[in-house]
Number of protein chains: 2
Amino acid sequence: MSLIENLAVQNEQKILLVVLDGLGGLPKAGKTELEAAWTPNLDRLAAASGLGLLVPVAPGVTPGSGPAHLALFGYDPVEFQVGRGVLEALGVGLSPGPHDLCARANFCTVDAEGKLISRRAVSEGRRLTTEECVQLCTSLSRVASGIEDVEVVVRPGKEHRFVVMFSGAGLAAELSDSDPGHEGVAAEGIRPLTEGAVKAARIANEFVRLCRAELSTRERANSVLLRGWAFPPVLATLRERYKLSAACIAAYPMYRGLARLVGMDVLECDETWDDEIEQIRLNRSRYDFFFIHLKEFDKAGEDGDFDRKVELIERFDGDILPQLVDLDMDVLCITGDHSTPAVMGGHSWHSVPFLLHSRYVRPQVQVDQFAERACARGSLGRIAAKDLMALLLAHSLKLTKFGA
Amino acid sequence: MSLIENLAVQNEQKILLVVLDGLGGLPKAGKTELEAAWTPNLDRLAAASGLGLLVPVAPGVTPGSGPAHLALFGYDPVEFQVGRGVLEALGVGLSPGPHDLCARANFCTVDAEGKLISRRAVSEGRRLTTEECVQLCTSLSRVASGIEDVEVVVRPGKEHRFVVMFSGAGLAAELSDSDPGHEGVAAEGIRPLTEGAVKAARIANEFVRLCRAELSTRERANSVLLRGWAFPPVLATLRERYKLSAACIAAYPMYRGLARLVGMDVLECDETWDDEIEQIRLNRSRYDFFFIHLKEFDKAGEDGDFDRKVELIERFDGDILPQLVDLDMDVLCITGDHSTPAVMGGHSWHSVPFLLHSRYVRPQVQVDQFAERACARGSLGRIAAKDLMALLLAHSLKLTKFGA
């Protein structure tokens with residue numbers, strides 16, 4: 001048990017962790033997205049909160065969503081790595097055990113010679129609909145539910161995406177991807193990367209063969225690609241580690257899956273911010289830790305759309321933050337999982353501003369803004385993201401004294 | 001040997017580490033205790049010093065006095081843990097070896113049926129005097145100096161408190177406390193928590209029996225309670241690690257004991273701040289490292305007495321600091337072991353301001369105050385308390401270059 005785990009106690013105080021995905025930014029015309037946004041509510045809250053910066057993984061390291069979130073939940077993201085296949089599996093509602101091999105899959109379109117026409121089965125600019133994906137997965141489930149002694153589960157995701165989970169003895173995750181990464185060539189056979197992965201490769205290739213046979217009469221979405229092979233890591237839950245009863249409110253599958261992996265209950269909600277907050281309100285008495293994930297900031301950043309990211313921040317400030325404050329949690333933390341500066345059009349290594357509101361913080365002197373440079377002068381300093389959880393627990397009086 | 005130990009060299013420069021116990025605070029009406037206090041001398045010194053914040057153990061972790069001080073002395077407080085019984089034993093002047101089992105003890109009052117009337121032998125609101133404790137311990141020493149092949153030492157502390165040290169083969173510290181934690185019930189028998197602790201439990205229970213027999217005719221303080229069983233950790237001394245000749249000036253037993261554990265000489269002094277400074281003055285030439293511990297700030301914080309903590313800080317600033325500056329040490333560091341915000345009435349996890357005065361610091365720009373939020377913008381940043389010692393050594397030129 002770690003130091004923090006040894007000190008953790010249960011109490012009635014409530015923590016709300018609000019993750020605005022990809023929140024951190026970089027200046028365009030002198031101001032970052034957070035600095036450019038008009039955010040009177042965030043700024044007023046910042047003036048009465050502790051501010052600081054989170055280093056997601058390590059200086060200079062740009063994290064994916066998996067490690068970035070594990071760190072926020074108090075797990076060392078270098079020690080505990082979650083493969084993409086596992087994240088996707090969790091996100092579509094599967095609960096893989098430590099010996100269930102997961103892969104991300106998607107429908108693709110190949111020509112008569114087997115060469116890839118569209119890696120994502122796009123036709124005339126249109127993606128597959130999620131409804132079509134569900135139907136196709138039902139077909140695949142019928143023809144490929146078991147291979148040798150291995151049970152196979154096919155579960156649809158959004159649009160062209162689905163997940164395959166292989167359960168059986170003697171599997172291994174050291175497998176190559178079948179996606180060649182570009183079109184005009186044939187999909188690759190799945191190769192074992194270690195001797196122990198020979199059986200898994202054989203099963204995987206047979207799965208692909210069965211899928212192609214089933215889909216062969218179709219013009220579009222007539223084959224499949226697999227990648228991101230992984231087993232789930234074995235993670236102690238938030239309850240085991242911190243005695244927390246935790247709930248996740250997230251619209252996107254991956255974040256729901258990640259939360260499930262650390263033992264959070266995933267609350268059902270539709271994809272509107274308002275409904276997400278309503279779910280917290282309805283379940284307020286049932287949990288002592290709430291994680292709410294809002295994705296749109298990251299998408300705007302990935303799209304390089306500075307103005308849209310600014311607008312989303314302003315919408316959060318005007319519509320959502322007052323509702324979150326009204327929930328009257330003992331500890332309210334607002335941060336991101338990583339930076340997605342619009343000027344970079346993708347995730348980055350930059351530190352992430354965080355705000356911790358509690359009756360036990362030292363507010364700043366002369367800081368009245370929630371933004372990157374204001375947080376660099378904050379009273380909570382620059383900390384590793386994996387240490388944030390200890391601060392959340394401490395400020396809700398959930399950590400006892402260490403030593404006499 | 002650690003990196004720092006490998007680099008340490010002896011020289012003539014002198015270091016003074018001033019620990020104001022529980023110094024860090026939280027705002028009440030907008031200002032922390034340090035911010036509310038009128039401290040012209042501290043502020044002037046701060047403007048010419050390096051400032052920073054110490055994280056006592058880890059983010060979010062509230063330390064007891066033991067780990068907080070070990071960290072200030074350069075020891076990893078998670079690696080080296082000192083049981084309370086050992087701290088108390090050292091504090092009353094015992095020098096337990098690694099195989100001497102120590103326990104905190106106190107006189108209590110029980111009724112005819114053996115039920116606890118007062119866990120601290122309080123009678124009509126009055127505690128036992130230290131003189132009474134000394135007399136009672138003398139009686140106990142007479143009747144319980146040896147049990148089986150184990151030597152027993154009883155040493156009085158303050159008021160109702162005393163220490164018992166058991167020296168002999170086959171002892172173990174895995175023992176339950178006899179203090180049930182509340183009154184109206186009988187004291188508990190001491191139970192072995194492992195198989196190896198059977199002998200220790202038998203000796204401990206026989207000790208309690210002998211004490212009760214000796215005290216049985218008394219109305220008050222007619223029994224004893226034992227807790228905090230521990231052996232001392234084996235710590236390399238400051239001389240071994242850093243080539244330091246170190247002296248401790250502290251009125252309170254625990255801090256004297258802790259200093260002794262890391263090899264400091266404990267100078268005799270009465271309990272006034274002025275006498276403590278006089279002891280440094282008298283012994284200036286004999287040591288190159290002085291640790292002076294002033295307890296009262298922590299007491300005011302524990303009592304929730306914001307105004308008293310402010311007054312004490314002002315008294316330190318007016319009466320004591322000028323004398324410390326006049327000692328003209330090469331390095332003068334003023335800090336606390338942890339925060340004890342009056343608004344929380346107890347130790348807390350918050351970082352602790354520190355000031356390092358030396359001819360080799362980078363003073364701040366636009367900081368002219370010694371307080372939490374000023375130190376958050378200090379030139380020395382936010383560091384782990386266990387790294388402070390390396391800064392003290394470096395600023396007194398006691399660390400050679402690392403590598404060629």
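Computed from a predicted model, the values in this text were never measured in an experiment.

Draft legend 1. Representation of the overall build of chain A in the model. Tallying secondary structure elements over chain A gives 14 helices and 14 strands in all. The C-alpha atoms of chain A give a radius of gyration of 23 Å, which matches the 22 Å a tight globule of 404 residues would have. Going through the 404 residues of chain A one by one, you find that 52% of them count as buried. A separation of at least 24 residues holds for 71% of the contacts in chain A among residues at least 6 apart in sequence.

Draft legend 2. Spatial organisation of unusual backbone geometry. Residues and elements named next belong to chain A. Phi angles above zero are rare outside glycine, and Lys243 is one such case at about 60°. Within the secondary structure, Lys243 sits in the loop between helix H8 (238-242) and strand S9 (246-250). Since 15 C-beta atoms lie within 10 Å of it, Lys243 is described here as partly exposed.

Draft legend 3. The relation of the copies chain A and chain B, seen in detail. Take chain A, turn it by 124°, move it 0.3 Å along the axis, and it overlays chain B with an RMSD of 0.2 Å. In the structure described here, the two chain copies are related by an operation that fits a three-fold rotation axis. Relative to the rotation axis, the closest C-alpha in chain A is found at Arg377(A), a distance of 3.8 Å. A low fraction, 5%, of the interface residues of chain A reappear at the interface in chain B, so the copies pair through non-equivalent surfaces.

Draft legend 4. Representation of the interface of chain A and chain B within the structure. If you look at the interface, chain A gives 22 residues, while chain B gives 28 residues. Those elements that provide at least two residues to the side of chain A that touches chain B are helix H1 (3-7), strand S14 (381-384) and helix H14 (388-395) of chain A. Looking at the side of chain A that touches chain B, the element that brings in the most residues is H14(A), giving 4 residues. For the side of chain A that touches chain B, a count of residues per class yields 14 nonpolar, 4 polar and 4 charged.

Draft legend 5. Structural context of the pairing of strand S2 (residues 50-55) of chain B. Residues and elements named next belong to chain B. For S2, a buried count of 6 out of 6 residues is recorded, marking the element as mostly surrounded by other parts of the structure. Both faces of S2 are covered, namely the face carrying Gly50, Gly52 and Leu54 and the face carrying Leu51, Leu53 and Val55. In this sheet, strand S13 (residues 352-357) lies alongside S2 in antiparallel orientation, the contact comprising 5 bridges. Residue pairing for S13: Leu53 is matched across the bridge by Pro353. Strand direction decides the pairing type here: S2 and strand S14 (residues 381-384), joined by 4 bridges, are parallel. Within S14, the residue paired with Gly52 across the bridge is Gly381.

Draft legend 6. Local environment of helix H5 (residues 84-91) of chain B. Judged by how many residues are buried, H5(B) sits mostly within the fold: 8 of 8 residues are covered. Considering only its buried residues, H5(B) is in contact with helix H4 (65-72), strand S3 (100-110), strand S7 (161-167), strand S8 (223-230) and helix H9 (253-261) of chain B.

Draft legend 7. Just the domain arrangement of chain A, in detail. All names here are of chain A. What the domain assignment lists for chain A is domain 1 (3-81 + 234-395) and domain 2 (86-230). Between domain 1 and domain 2, the C-alpha centre-to-centre distance is 33 Å. Facing 9 residues of domain 1, the contacting portion of domain 2 comprises 8 residues. A per-element tally of the side of domain 1 that touches domain 2 places helix H9 (residues 253-261) first, with 7 residues. Across the side of domain 1 that touches domain 2, the residue classes tally to 5 nonpolar, 2 polar and 2 charged.

Draft legend 8. Representation of the sheet that holds strand S11 (residues 289-294) of chain A within the structure. All names here are of chain A. Across the sheet, 8 strands lie side by side as S10-S9-S11-S1-S12-S13-S2-S14; this open sheet has mixed pairing. A single partner strand is all that each edge strand has here, and the edge strands are strand S10 (265-266) and S14. Where strand S12 (residues 331-335) meets strand S13 (residues 352-357), 3 bridges bridge the pair, whose relative direction is antiparallel. The partner of Ile334 across the bridge, within S13, is Leu355. Contacts from H9 reach S9, S10 and S11, with the element oriented near 170° to S9.

Thresholds, definitions, all that
Residues numbered from 1 in each chain as written. Chains lettered and ligands numbered in written order. Predicted model: local features only at pLDDT ≥ 70, side-chain atom pairs only at ≥ 80, totals over all residues. Helix = DSSP H or I, 4+ residues; strand = E, 2+ residues; numbered from the N terminus. Rg over C-alpha atoms; globule rule 2.2 N^0.38 Å. Buried ≥ 20, exposed ≤ 12 C-beta atoms within 10 Å, placed from the backbone. Contact = placed C-beta atoms within 7 Å. Least-squares fit on C-alpha atoms with pLDDT ≥ 70 in both. Nonpolar A, V, L, I, M, F, W, Y, C, P; charged D, E, K, R; others polar. Pairing = 2+ DSSP bridges. Domains from an automatic or database assignment. Axes fitted to C-alpha atoms, helices over the stretch in contact; angles between N-to-C directions.

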